[in-house]
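Residue strings, one per chain:
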Amino acid sequence: PVEICERIIDKVAASPWSRSSTLLSCCLVCRLWLPRARHCLYREPEVHIDTIDAFHSSLRLSPYRGALVENLVLYGDDVKKPHQLSLLPLLLPQHLQNLLRISLIAVTLCDLHPKFFAYMRRFCSIRSLTCYKSFPLSPKPRRAIKFPILIASIAMFCVATLTAVVAMQDVM
């Protein structure tokens, strides 16, 4: 029965280990699995910063997918195009009306456009912004996350300030 398959897919989606790759595999199993697996994939998409433009294209081609997104997880490790993250508030707000949370993981905040946080106010429904293992260039991390938007929570975990590096560059 379809209900049992949907429960299995929901369990896979709740698992923190290899969630995306397993759900992508579920999409390919059969036609009956595709809608539920796609729903789970787009509820909390995990997008690498270098592929923000591809994610935007998928939302533009199938607008209903954007309505599914509640949590957006952006990874920044091994970034080849650091400017891509600055495009986030310009490309995606019109497609992600139900977005509640954004998580930035291993992102170098100094690569962001100076108006990035001001443009984040275009996400009207966002309630939480979380940074994990991110590196602001500013000596005052609070300054990097100060932007005019009503957010219930802003959290930064394992955030390193690069004040020593900035000071070293000023001396050299």
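Residues numbered from 1 in each chain as written. Predicted model: local features only at pLDDT ≥ 70, side-chain atom pairs only at ≥ 80, totals over all residues. Heavy atoms only, no water.

**So, the packing of helix α1 (residues 2–14) against helix α3 (residues 34–43)**
Threshold: Helix axes are fitted only over the stretch in contact, all axes being lines through C-alpha atoms; the angle between N-to-C directions runs from 0 to 180 degrees. Counting from the N terminus, the helices are the DSSP runs of H or I reaching at least four residues and the strands are the DSSP runs of E reaching at least two. The cut-offs work like this: below 35 degrees is roughly parallel, past 145 is roughly antiparallel, 65 to 115 is roughly perpendicular, and the gaps in between are oblique. Put simply, a crossing is left-handed when the front helix is turned counterclockwise from the back one by less than a right angle, and right-handed when it is turned clockwise. By the convention used here, residues are in contact when the closest approach between their heavy atoms is within 4.5 Å. Lys, Arg, Asp and Glu make up the charged group, whereas Ala, Val, Leu, Ile, Met, Phe, Trp, Tyr, Cys and Pro make up the nonpolar group; the residues left over, Gly among them, are polar.
In contact at an axis separation of 9 Å, α1 and α3 are set at 20° when each is read in the N-to-C sense. Between α1 and α3, the angle falls in the class roughly parallel. α1 and α3 meet at a crossing whose hand is right-handed. Contacts between α1 and α3 involve Glu6, Ile9, Asp10 and Ala13 from the former and Arg36, Ala37, Cys40 and Arg43 from the latter. Of the residues assigned to the contact of α1 with α3, the class counts are four nonpolar, no polar and four charged.

**Considerations on the pattern of salt bridges**
Put simply, the rule is: Basic side-chain nitrogens of Lys or Arg form a salt bridge, by our definition, when they fall within 4 Å of a carboxyl oxygen of Asp or Glu. A simple rule labels every residue: compare its accessible area, found with a 1.4 Å probe on the protein chains alone, to the largest value its type can have, and call it buried under 20%, exposed over 50%, or partly exposed in between.
Using the criterion set out here, one finds one salt bridge in the structure. Put simply, Asp10 and Arg36 hold a salt bridge, and the shortest N to O gap is 2.7 Å. Separated by 26 residues along the polypeptide, Asp10 in helix α1 and Arg36 in helix α3 bring together distant segments of the chain. By relative accessible area, which is 25% here, Arg36 ends up partly exposed.

**Some words on the packing of helix α2 (residues 19–29) against α3**
Between α2 and α3, the least distance of the axes is 8 Å, while the angle of their chain directions is 155°. Between α2 and α3, the crossing angle belongs to the class labelled roughly antiparallel. The handedness of the crossing between α2 and α3 is left-handed. Residues Arg19, Ser20, Leu23, Leu24, Cys26 and Cys27 of α2 form the contact with α3, whose participating residues are Leu34, Ala37, Arg38, Cys40 and Leu41. Here the contact of α2 with α3 is built from residues that sort into eight nonpolar, one polar and two charged.

**With respect to the pairing of strand β3 (residues 101–105)**
The condition that has to hold: A pair of strands is treated as paired once DSSP finds two or more bridges between them.
Of all five residues that make up β3, four are buried, and the element is covered over most of its length. Of the strand pairs in this sheet, strand β2 (residues 71–75) and β3 are connected by five bridges, and their pairing is parallel. Bridging from a neighbouring strand, Val73 pairs with Ser103 of β3. Pairing geometry for β3 and strand β4 (residues 128–132), over five bridges, is parallel. Across the sheet, residue Leu104 finds its bridge partner in β4, namely Cys131.

**Remarks on the packing of aromatic side chains**
Condition: Think of it this way: a Phe, Tyr or Trp ring, Trp meaning its six-membered ring, pairs with another when their centres are within 6.5 Å, and the plane angle makes it stacked under 30 degrees, edge-to-face over 60, tilted otherwise.
Taken as a whole and assessed by the stated rule, the structure comprises one aromatic pair. Aromatic pair Tyr42 and Phe55: ring centres 6.4 Å apart, planes at 15°, arrangement stacked. Taken as a pair, Tyr42 in helix α3 and Phe55 in helix α4 (residues 52–61) lie far apart in primary sequence, 13 residues in all. The buried category is assigned to Tyr42, whose relative accessible area is 13%.

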